[in-house]
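Listed here are the chains, written in short residue letters.
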There are 2 protein chains.
Amino acid sequence: MDTALDGAVRVFCERGYHATSIGDLTAAMRLATGSVYKAFRDKHAVFLAAFERYAAVRREQTRSAAARGANGREQLCNVLLSYVEHSQGSEGRRGCIVVGSAVELSALDPVIRARVTAQLKSNESFIAGLIREGQADGSIPHHVEADDTARLMICLTQGLRVVGKARLPLDGERLVGVAMKLLA
Amino acid sequence: MDTALDGAVRVFCERGYHATSIGDLTAAMRLATGSVYKAFRDKHAVFLAAFERYAAVRREQTRSAAARGANGREQLCNVLLSYVEHSQGSEGRRGCIVVGSAVELSALDPVIRARVTAQLKSNESFIAGLIREGQADGSIPHHVEADDTARLMICLTQGLRVVGKARLPLDGERLVGVAMKLLA
DNA sequence: TTGATTAGGAAACAATCATTCCCTATTATC
DNA sequence: GATAATAGGGAATGATTGTTTCCTAATCAA
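This write-up is about the structure you can find in this document. None of these values were measured; they are calculated from a predicted model.

Considerations on the overall build of chain A
Helix and strand counts for chain A stand at 10 helices and 0 strands. Order of helices (α) and strands (β) in chain A, N terminus to C terminus: α-α-α-α-α-α-α-α-α-α. Along the first, second and third principal axes, the C-alpha set of chain A runs to 55 × 30 × 30 Å. When each of the 184 residues of chain A is scored for burial, the buried share is 45%. Taking the contacts inside chain A whose residues are at least 6 apart along the sequence as the reference set, 61% of them involve residues at least 24 apart.

Here's the deal with the interface of chain B and chain A
Across the contact, 44 residues belong to chain B and 44 residues belong to chain A. The element contributing the most residues to the side of chain B that touches chain A is helix α9 (residues 146-165) of chain B, with 14 residues. Of the residues contributing to the side of chain B that touches chain A, the split by class is 22 nonpolar, 10 polar and 12 charged.

Some words on the protein's contact with DNA strand C
In the region of DNA strand C, 14 residues are neighbours, and A:Ala32, A:Gly34, B:Ser21, B:Gly34 and B:Asp42 sit closest. Taken together, the elements giving at least two residues each to the surface near DNA strand C come down to α3 (33-39) of chain A together with α2 (22-29) and α3 (33-39) of chain B. Of all the elements, α3(A) adds the most residues to the surface near DNA strand C, at 4 residues. Taken together, the residues that form the surface near DNA strand C break down as 4 nonpolar, 7 polar and 3 charged.

Some details on the relation of the copies chain B and chain A
Each copy superposes on the other: chain B lies on chain A with an RMSD of 0.0 Å after a rotation of 180° and an axial shift of 0.0 Å. Between the two chains, the operation in question is that of a two-fold axis. If distances are taken from each C-alpha of chain B to the rotation axis, the shortest is found for B:Gly159, at 1.8 Å. When you check the interface residues of chain B against chain A, 100% turn up at the interface there too, and the contact is symmetric in its surfaces.

Remarks on the protein's contact with DNA strand D
Taken together, 14 residues form the shell around DNA strand D, and within it A:Ser21, A:Gly34, A:Asp42, B:Ala32 and B:Gly34 come nearest. Elements with a contribution of two residues or more to the surface near DNA strand D: α2 (22-29) and α3 of chain A together with α3 of chain B. Per-element accounting of the surface near DNA strand D gives the leading share, 4 residues, to α3(B).

Description of helix α1 (residues 2-15) of chain B
Residue and element names in this part refer to chain B. Compared with an ideal rise of 1.5 Å per residue, which puts 14 residues at 20 Å, α1 spans 20 Å between its outermost C-alpha atoms and is within 8% of the ideal. Along α1, the positions that sit buried rather than exposed are Ala4, Ala8, Val9, Phe12, Cys13 and Arg15. Each element contacted by the buried residues of α1 is listed here: α2, α4 (43-67), α6 (89-94) and α7 (97-104). Just past α1, the residue Gly16 takes up positive phi, approximately 80°.

With respect to unusual backbone geometry
Outside of glycine, negative phi angles account for most residues, and trans bonds account for most peptide bonds. In the Ramachandran plot, A:Arg30 falls in the positive-phi region, its phi being about 55° despite a non-glycine side chain. Following the sequence through the fold, A:Arg30 ends up in the loop between α2 and α3. Here the phi dihedral of B:Arg167 falls at roughly 75°; this positive angle occurs in a residue that is not glycine. Examined against the element boundaries, B:Arg167 turns out to sit in the loop between α9 and α10 (172-179).

Rules behind the numbers
Residues numbered from 1 in each chain as written. Chains lettered and ligands numbered in written order. Predicted model: local features only at pLDDT ≥ 70, side-chain atom pairs only at ≥ 80, totals over all residues. Helix = DSSP H or I, 4+ residues; strand = E, 2+ residues; numbered from the N terminus. Buried ≥ 20, exposed ≤ 12 C-beta atoms within 10 Å, placed from the backbone. Contact = placed C-beta atoms within 7 Å. Nonpolar A, V, L, I, M, F, W, Y, C, P; charged D, E, K, R; others polar. Near = placed C-beta within 6 Å. Least-squares fit on C-alpha atoms with pLDDT ≥ 70 in both. Expected span 1.5 Å × (residues − 1).

Everything listed here is a matter of geometry and, on its own, says nothing about what the molecule does.
Right under this line is the structure:
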């Protein structure tokens, strides 16, 4: 079932919600029409499940990137680098389902909007936590405003996905090098 | 005709391309079905025209925001502030047609993708120009990497539109205050 | 082995979509 | 003032959509 959901994630990321037909879904999930409707109430429910799956996978990837840092500053640096890498290449062209949901659905779909804002706030408080950790271990100055900087970095990461989907090249080292000035 | 296009811009921004039906378009443009197809070849052509109109209006707004600054740094600061303001409130909830096109269409529509990348690059070189202007007039240090910083700021502005569409509150003064560290 | 229950697949369905066609005013031309 | 030309409007059309229904095959219990 998770492998079928991964297929749904892939096609929803690439085409978005409305441009993905049930035919696209059945092909990507390797399931027949009836089977999809036996497992999910409707297309919207498939999307919600794909959203949750995507969020769980990305959360794990981000946490593990952070874990490779020795202090708060390095952990945050690794998170940003990970975001740039995931916003590039074939995965970048495919796109992020959170950004896609925010842009395509959040205006008219309160259920999706709630998931999107929850996801953004979760990521934001994770970043704010890393900043405070860095301030505690001495790798980030205390005068850095954790909450404001975290919100700015969320904007940055979401923007990376937009620019990456448009296929502009992103140099991780250079971009993150500049972004780390925000922690000065 | 421009007033009809403004209606198309409004509905395309809010709902995106695929979720906007011809009925939505005719209502927003105050034109009947046949009239729309007399003025444009098809829905795709309406979208392209709306995109161009949106880009022209936004370009003017951004240039005029920059013009209110006394030096390069202030001009850039005003541009960022203008972006935050436009990403907030009712206009922020409505969304940006460039971001929407990048996320919803650029993966499978080469024509739209070309317009999106052209728009992003134009904005990016405008920002890079402001940075160089600031370095010339002494308001921005010379060690700032103009191109890398400009690309990062483009990511930031696009991300602001994503976050704003998800209706997270954005404090212009605080966010831009943090972002200006990038020019240190 | 037999019977019952479930997962999976394909065709049929109703609704909605983008598009076309034709009709009616209105304007401009001679 | 009559006629040609054009802009605008709304109903009809064919294709595509999401959804349902029914059938087949597989799995498990007794």
